[in-house]
Structure formats: C-alpha cells, structure tokens
Amino acid sequence: MSTEKPSALISKYLRTQHLPHIWCPGCGHGILMRDVAKAIDNLKIDNDNVCLVSGIGCSSRIAGYMDFNTIHTTHGRAIAFATGIKLAKPEMTVIVVAGDGDISAIGGNHLIHAARRNIDLTVVVFNNDIYGMTGGQYSPTTPKGELGTTAPYGNIDRPFDISALAKGAGATYVARGTAYHAVQTIKMIQDGISHKGFALIDCISACPTYYGRKNKKGGAVEMMKWQQANGVSVEKAAGMTAEELAGKLVIGKLHQEMGVPEFTEEYQRIIDRFTVGG
Amino acid sequence: MGKRLVVNHRWCKGCGICVAFCPKEVLAMKNDKIQIADESKCIRCGQCELRCPDYAIFLEDVINKTTEEAQ
C-alpha cells in the first residue's frame with residue numbers, strides 16, 4: 001500500500017514539511033533521529049518541555065527537523081548553549097545532539113567540563129567516525145589506519161573512545177548504541193534522559209557516502225550488517241578477553257553513578273542562600 | 001486494531017536497508033525505490049520501520065476496517 005502521509009510518530013515529533021531530510025541514502029542519522037523521537041514518546045514528555053540543541057555538522061541538522069524547542073548553534077558549542085538553557089529552565093528536558101567531531105574536537109572542552117559538573121543534560125552523539133558535511137576529513141574517532149580525504153595514506157592518530165572520555169571526565173550515565181541496534185539504543189536514550197545528571201549516549205552511526213566509500217566498507221546495508229555482526233552486549237563482553245574484544249563494539253549501559261550532586265541543583269542552593277526569605 | 005504495511009515512495013531514497021533486514025522477504029527494490037513484493041508474508045514485526053533512515057516504510061494502525069480492506 002502506498003501513502004503520502006508520515007507515520008503517527010513522525011508526524012508528532014518531526015517538522016514533516018522539511019522532509020525528506022538532506023542526509024544521504026542509508027545514512028544512520030535518520031535511524032538515530034527516529035530513536036530520539038521514540039525515546040521521548042515512550043517517556044511521554046510533552047514536545048514543549050523538550051529543548052533540543054545542536055552544533056554544526058550533518059547530525060546537527062536535526063534541530064531543523066525535530067518539532068521541539070530547538071536551537072542550531074555554533075560549531076562545538078551546543079553544550080555551552082544547552083548549559084545556559086538548563087540553568088534558565090531546570091525543569092526542561094534538554095538534549096544535545098552532536099557529531100563526533102563537533103562534540104570531541106571542536107567542542108571537546110565543553111564536553112569534559114559539562115561531564116565534570118554533572119549538569120542534567122542528555123548528549124546523544126551521532127558518531128560516524130568522519131566529518132561528513134565538509135567532505136570526509138578524518139575526525140577524532142576515525143580508527144587508526146583508516147582513510148579520510150585528509151588522511152590519504154591512512155590516519156596515524158589513535159581514536160578517542162567518546163564513552164570512555166565522558167566517563168573519565170565525570171559523566172554519571174554513559175552508554176553506547178548503534179544505528180543497527182535501534183531497540184536497545186531507544187532504551188539507552190530514554191534512560192539517559194531519565195537519569196538525573198550528565199548522560200552521554202555514544203550512538204555509532206554510518207556514513208556510507210564518505211567513510212564507507214573511502215574505506216571500502218560497502219554501502220549502507222553492509223555497514224549496518226557490520227554493526228550487527230560486531231556489536232557485543234556489555235554482559236557478553238564481561239566474559240571476553242581483550243583480544244576477543246578487539247574491533248568489537250560494546251553495546252549497552254557502560255557506566256552509571258547515582259547520588260552525585262547535579263549542577264543546576266547546586267547552583268540553586270547558592271541562589272537560595274542569598275534570596276530574602278529563602 | 002490491526003496493522004498494515006505502507007510505503008511513502010516520495011521519501012524513499014533506495015538505500016535497501018529495509019529489504020536486507022526484512023526477515024520474511026516481503027520487500028524488493030524496483031527502479032531504486034522500495035516495493036512491497038508480497039505483503040501476505042509480512043509478520044508486522046516492524047524491523048523495516050525501525051531502521052528506515054527516511055521514514056518511508058512503516059506499520060500503520062488500521063481502525064474499524066475489515067482485514068480485506070486493510071490489504
């Protein structure tokens with residue numbers, strides 16, 4: 001059966017007049033955007049109580065597509081804008097969607113300090129291991145030896161593990177999902193939003209146009225099958241050796257710490273001390 | 001309330017992900033667009049909807065319609 005109408009989920013959470021989106025055929029970002037919508041839907045949070053903040057890059061186009069309060073900010077600064085929004089409206093669900101380069105290179109400092117402060121933001125990283133929008137330059141998550149337009153002989157850098165970086169910096173909820181593992185990733189985004197404190201979900205996307213083509217990973221289907229074949233649950237990974245885990249993606253909740261003071265609540269305590277009658 | 005499989009050809013970019021992950025070979029590609037080749041095999045699992053990057057295929061709720069009309 002053919003239709004011109006979008007599904008109920010898409011109608012409710014996306015600005016359908018801007019669809020189809022600009023992402024390439026088979027881009028994992030479209031799947032991950034639906035995951036964000038589904039997570040909000042499952043949590044039954046009103047659209048008007050959500051603010052979605054993005055920076056610059058392919059993934060950051062999401063601020064134009066999703067029908068929440070949205071703001072498309074400058075490169076790497078989404079977390080800085082989100083921090084201001086959360087302080088002004090602590091009751092609001094503030095979500096940052098960012099690419100791997102945006103969050104860990106240009107905005108790397110904002111990431112580690114927001115994690116350290118444990119501010120109640122949910123950062124959903126659309127991690128495709130490359131700068132897609134600008135033409136396939138290698139990013140901080142491009143694996144060593146892989147090709148990019150700026151690494152024609154192979155990337156010589158060691159990649160960042162964004163999840164480990166966030167955990168090390170003090171994030172109190174860290175998980176890793178993929179475009180293929182949609183059901184699990186929706187749950188992780190839900191749990192990240194529900195978690196009081198800084199939450200980061202590192203979502204492995206797929207860029208068939210640049211990363212896939214440059215590195216002969218096949219098309220969108222092959223890249224999704226790679227995620228399917230190489231995703232290992234946290235529970236299974238616990239019983240595997242480092243050698244067995246080489247080249248695998250550990251999927252699931254990687255870290256959660258409860259009871260750590262949250263930034264906006266701590267800030268409010270200071271305000272209360274100086275408020276007459278407070 | 002039943003569900004039926006629907007396709008929005010206007011949004012389909014022909015990536016083929018839904019065809020690859022359909023467990024029942026319901027779907028096929030035709031002129032770089034998705035086609036429902038055999039809906040009778042569809043088990044309404046929603047694997048296609050879950051992974052379509054373009055929201056071009058999904059299960060729609062069918063309310064107050066007979067199964068025949070829903071097909």
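Residues numbered from 1 in each chain as written. Chains lettered and ligands numbered in written order. Predicted model: local features only at pLDDT ≥ 70, side-chain atom pairs only at ≥ 80, totals over all residues. Heavy atoms only, no water.

### Regarding the overall build of chain A
And then number 1: On a plain count of helices and strands, chain A comes out with 13 helices and 10 strands.
And then number 2: The buried share of chain A, taken over its 278 residues, is 53%.
And then number 3: Sequence separation of 24 or more characterises 67% of the internal contacts of chain A that already satisfy a separation of 6 or more.
And then number 4: A distance of 3 Å separates the average location of the 28 positive side-chain charges in chain A from that of its 25 negative side-chain charges. (Helix = DSSP H or I, 4+ residues; strand = E, 2+ residues; numbered from the N terminus. Buried < 20%, exposed > 50% of the residue type's maximum accessible area, 1.4 Å probe, protein only. Contact = heavy atoms within 4.5 Å. Lys, Arg positive; Asp, Glu negative; His and termini not counted. Charge placed at Lys NZ, Arg CZ, Asp CG, Glu CD.)

### Focus: the packing of helix H4 (residues 78–88) of chain A against helix H6 (residues 108–117) of chain A
Residues and elements named next belong to chain A.
And then number 1: Closest axis-to-axis distance for the H4/H6 pair is 8 Å, and the angle between their directions is 35°. For the pair H4 and H6, the sense of crossing is left-handed. Contacts between H4 and H6 involve Ile-79, Ala-80 and Thr-83 from the first element and His-110, Leu-111, Ala-114 and Arg-117 from the second.
And then number 2: Here the contact of H4 with H6 is built from residues that sort into four nonpolar, two polar and one charged. (Axes fitted to C-alpha atoms, helices over the stretch in contact; angles between N-to-C directions. Left-handed = near helix turned anticlockwise from the far one by under 90°. Nonpolar A, V, L, I, M, F, W, Y, C, P; charged D, E, K, R; others polar.)

### Details of the sheet that holds strand S4 (residues 122–127) of chain A
Residue and element names in this part refer to chain A.
And then number 1: With mixed pairing, eight strands are arranged side by side in an open sheet as S2-S1-S3-S4-S8-S7-S10-S9. Each edge of the sheet is formed by a strand with only one pairing partner; in this case those strands are strand S2 (69–72) and strand S9 (231–233). Shown here is a sheet whose adjacent strand axes are inclined to one another by a mean of 20°, direction ignored.
And then number 2: Where S4 meets strand S8 (residues 199–204), six bridges bridge the pair, whose relative direction is parallel. Paired with Thr-122 across the bridge in S8 is Ala-199. (Pairing = 2+ DSSP bridges.)

### Side note on the interface of chain A and chain B
The figure often quoted for interface size is the accessible area lost as the parts come together.
And then number 1: Counting residues at the interface gives 32 residues for chain A, matched by 24 residues for chain B.
And then number 2: With both sides pooled, the region where chain A packs onto chain B buries about 2,500 Å², and carbon together with sulfur makes up 63% of that total.
And then number 3: Put simply, chain A and chain B have two salt bridges between them.
And then number 4: Between Arg34(A) and Glu49(B) there is a salt bridge, and its shortest N-O distance comes to 3.3 Å.
And then number 5: On inspection of chain A and its partner chain B, the count reaches 11 residue pairs in polar contact (both at pLDDT 80 or more).
And then number 6: Contributing elements (two or more residues each) for the side of chain A that touches chain B: helix H2 (28–43), helix H8 (182–194) and helix H10 (220–230) of chain A.
And then number 7: Tallied by class, residues from the side of chain A that touches chain B come to 20 nonpolar, eight polar and four charged. (Buried area = accessible area lost by both parts, 1.4 Å probe. Salt bridge = Lys/Arg side-chain N within 4 Å of Asp/Glu carboxyl O. Polar contact = N/O pair within 3.5 Å; in protein donor to acceptor, adjacent residues only side chain to side chain.)

### A short note on unusual backbone geometry
And then number 1: Here the bond from Leu19(A) into Pro20(A) is cis, since omega is 0°, no more than 30 degrees from zero.
And then number 2: Position of Pro20(A) relative to the elements: it lies in the loop between helix H1 (8–13) and H2.
And then number 3: Even without being a glycine, Glu25(B) presents a positive backbone phi close to 50°.
And then number 4: Within the secondary structure, Glu25(B) sits in the loop between helix H1 (17–21) and strand S2 (27–30).
And then number 5: Using a relative accessible area of 61% as the deciding quantity, one classes Glu25(B) as exposed.

### Focus on the confidence of the model for chain B
And then number 1: A residue-level look at chain B finds 89% of positions with pLDDT of 70 or above and a mean pLDDT of 91.
And then number 2: With a pTM of 0.95, the predicted complex shows an ipTM of 0.93. (pLDDT = per-residue confidence, 0-100.)

### Quick notes on the environment of Tyr131(A)
All names here are of chain A.
And then number 1: Structurally, the position occupied by Tyr-131 is in strand S5 (residues 130–131).
And then number 2: Along the backbone, Tyr-131 and Met-66 are 65 residues apart, and their C-alpha atoms lie at a distance of 22 Å.
And then number 3: Not counting residues up to four positions away in its chain, the partners in contact with Tyr-131 are Gly-101, Ala-105, Ile-106, Gly-136, Gln-137, Tyr-138, Ser-139 and Pro-140.

### A few points about a nonpolar patch on the surface
And then number 1: Nonpolar side chains collect at one region of the surface, where Ile22(A), Ile56(A) and Met133(A) lie side by side and expose about 250 Å² of accessible area between them.
And then number 2: Mapped onto the fold, Ile56(A) is located in the loop between strand S1 (50–54) and helix H3 (62–65). (Patch = residues over 30% accessible without salt bridge, like charges linked within 9 Å, V, L, I, M, F, W, Y side chains within 5 Å. Areas by Shrake-Rupley, 256 points an atom, 1.4 Å probe, with all protein chains shown as cover.)

### Some words on H8(A)
And then number 1: Taking 1.5 Å of rise per residue, 13 residues should cover 18 Å, and H8(A) covers 18 Å from first to last C-alpha, within 8% of that figure.
And then number 2: Among all positions in H8(A), only Ala182(A), Thr185(A), Ile186(A), Met188(A), Ile189(A), Gln190(A), Gly192(A) and Ile193(A) are buried. (Expected span 1.5 Å × (residues − 1).)

### Focus: H2(A)
Since one α-helical turn is 3.6 residues long, residues separated by three or four positions face the same way.
Residue and element names in this part refer to chain A.
And then number 1: For H2, built from 16 residues, the straight-helix expectation of 22 Å at 1.5 Å per residue is met to within 8% by its first-to-last C-alpha distance of 23 Å.
And then number 2: Among the 16 residues that make up H2, 12 are buried, leaving the element largely enclosed by the rest of the structure.
And then number 3: Two residues or fewer after H2 comes Lys-44, characterised by a positive phi angle close to 55°.

### Things to note about the pattern of salt bridges
And then number 1: In total, this model carries 16 salt bridges over all chains according to the counting rule given.
And then number 2: As a salt-bridge pair, Glu266(A) and Arg269(A) come within 2.4 Å of each other at their nearest N and O atoms. Remark: Arg269(A) and Glu266(A) occur in helix H13 (residues 263–273); sequence separation between them is three residues, near one turn of the helix.
And then number 3: A residue is classified by how much of its surface remains accessible, and Glu266(A), at 35% relative accessible area, is partly exposed.
And then number 4: The residue Lys13(B) makes a salt bridge to Asp54(B) at a minimum N-O spacing of 2.9 Å. With a gap of 41 residues between them, Lys13(B) in the loop between strand S1 (2–7) and H1 and Asp54(B) in the loop between helix H2 (47–51) and strand S4 (57–62) connect regions that are remote in the sequence.
And then number 5: Take Lys13(B): its relative accessible area is 24%, and that puts it in the partly exposed class.
And then number 6: Through salt bridges that share partners, Lys86(A), Asp120(A), Lys196(A) and Glu265(A) make up one connected network.

### A few points about the side chain of Ser163(A)
And then number 1: Here Ser163(A) is to be found in helix H7 (residues 162–169).
And then number 2: With residues near it in sequence (within four places) discarded, Ser163(A) still touches Val174(A), Ala175(A), Arg176(A), Leu200(A), Asp202(A) and Leu254(A).

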